[in-house]
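Structure assessment
So you can see what is in the structure, the chains are spelled out below.
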Amino acid sequence: MQQRKPTAGRPSGTDGSDFSYRMVVDSRYTKVTKEKARLRPLIFLQAAIYIIGLSCAFLTTTKKDERNTLAIAAAAAGLVSSFIGELGCRRSRVNLLRLYTAASTIVMVLSVFCAVRSRLTMEERNSTGTTAKLELAGFICAQLGAVVQILVIIVTGSLVNNMSPPTKAA
């Protein structure tokens, strides 16, 4: 395949006066690209937090009667919401991004509730050793997830605002 020869000066076929007709990319489209680049690692981090929370919920179960179904369901729903967020980010769908923000916020509130409840009832259940360490890891993960969720809300809100068409003044 031949390579183009570099030309010095203006391109052929123009007299140099066509600069006023050249299109400029609107700043909101460059903001969308930057926000998508910021959102994807946050979605991945959230999914990792949900996987750690799911594994902690399964591993801290001592008997079948004591399974923390709310924490397991919240982590599973969080993984689904992360998938929805990735789809919305990849396909530039505002409605999927809004659904992702709402669902992941609800899931994170449930996860923090389950982690706090687990820490408060740990002494009643006589959790020691590995179980106590896993519950502490789940608690820390839920708190870290809450901080990540705040960042997700900020970034997704900015992304949705820049993706939506501008409103015309009346």
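Residues numbered from 1 in each chain as written. Predicted model: local features only at pLDDT ≥ 70, side-chain atom pairs only at ≥ 80, totals over all residues. Heavy atoms only, no water.

The chain appears in an unreviewed UniProt entry as Protein jagunal from Arabidopsis thaliana x Arabidopsis arenosa. Here is the UniProt Subcellular location (unreviewed entry) comment for the chain, exactly as written: "Endoplasmic reticulum membrane". (UniProt positions renumbered as here; feature names shortened; annotations may be inferred.)

1. A look at helix H3 (residues 94–120)
Spanning 27 residues, H3 covers 39 Å between terminal C-alpha atoms, matching the ideal 39 Å at 1.5 Å per step. The complete set of buried residues in H3 reads Val94, Leu97, Tyr100, Thr101, Ser104, Val107, Met108, Ser111, Cys114, Ala115 and Ser118. (Helix = DSSP H or I, 4+ residues; strand = E, 2+ residues; numbered from the N terminus. Expected span 1.5 Å × (residues − 1). Buried < 20%, exposed > 50% of the residue type's maximum accessible area, 1.4 Å probe, protein only.)

2. Considerations on the nonpolar core
Ranked by size, the top nonpolar core spans 17 residues in total, and within it Leu39, Leu97, Tyr100, Leu159 and Met163 carry the most contacts. Elements supplying a minimum of two residues to this core: helix H1 (27–59), helix H2 (69–91), H3 and helix H4 (130–163). Looking at which element gives the most residues to this core, the answer is H4, with 7 residues. The residues touching leucine 97, leaving out its near neighbours within four places in the chain, are Leu39, Gly85, Gly88, Cys89, Thr156, Leu159, Val160 and Met163. (Core = buried A, V, L, I, M, F, W, Y, C linked by side-chain atoms within 4.5 Å. Contact = heavy atoms within 4.5 Å.)

3. Overview of unusual backbone geometry
Of note in this structure, serine 92 is not a glycine but carries a positive phi near 55°. Inspection of the secondary structure puts serine 92 in the loop between H2 and H3. For serine 92, a relative accessible area of 33% translates into the label partly exposed.

4. Brief notes about the pattern of salt bridges
Counted according to the given criterion, the structure contains 3 salt bridges. In this structure, arginine 38 engages glutamate 35 in a salt bridge whose closest nitrogen and oxygen atoms are separated by 3.4 Å. Linking arginine 38 with glutamate 35, this pair stays in helix H1, spanning 3 residues, or about one helical turn. For arginine 38, a relative accessible area of 46% gives the class partly exposed. (Salt bridge = Lys/Arg side-chain N within 4 Å of Asp/Glu carboxyl O.)

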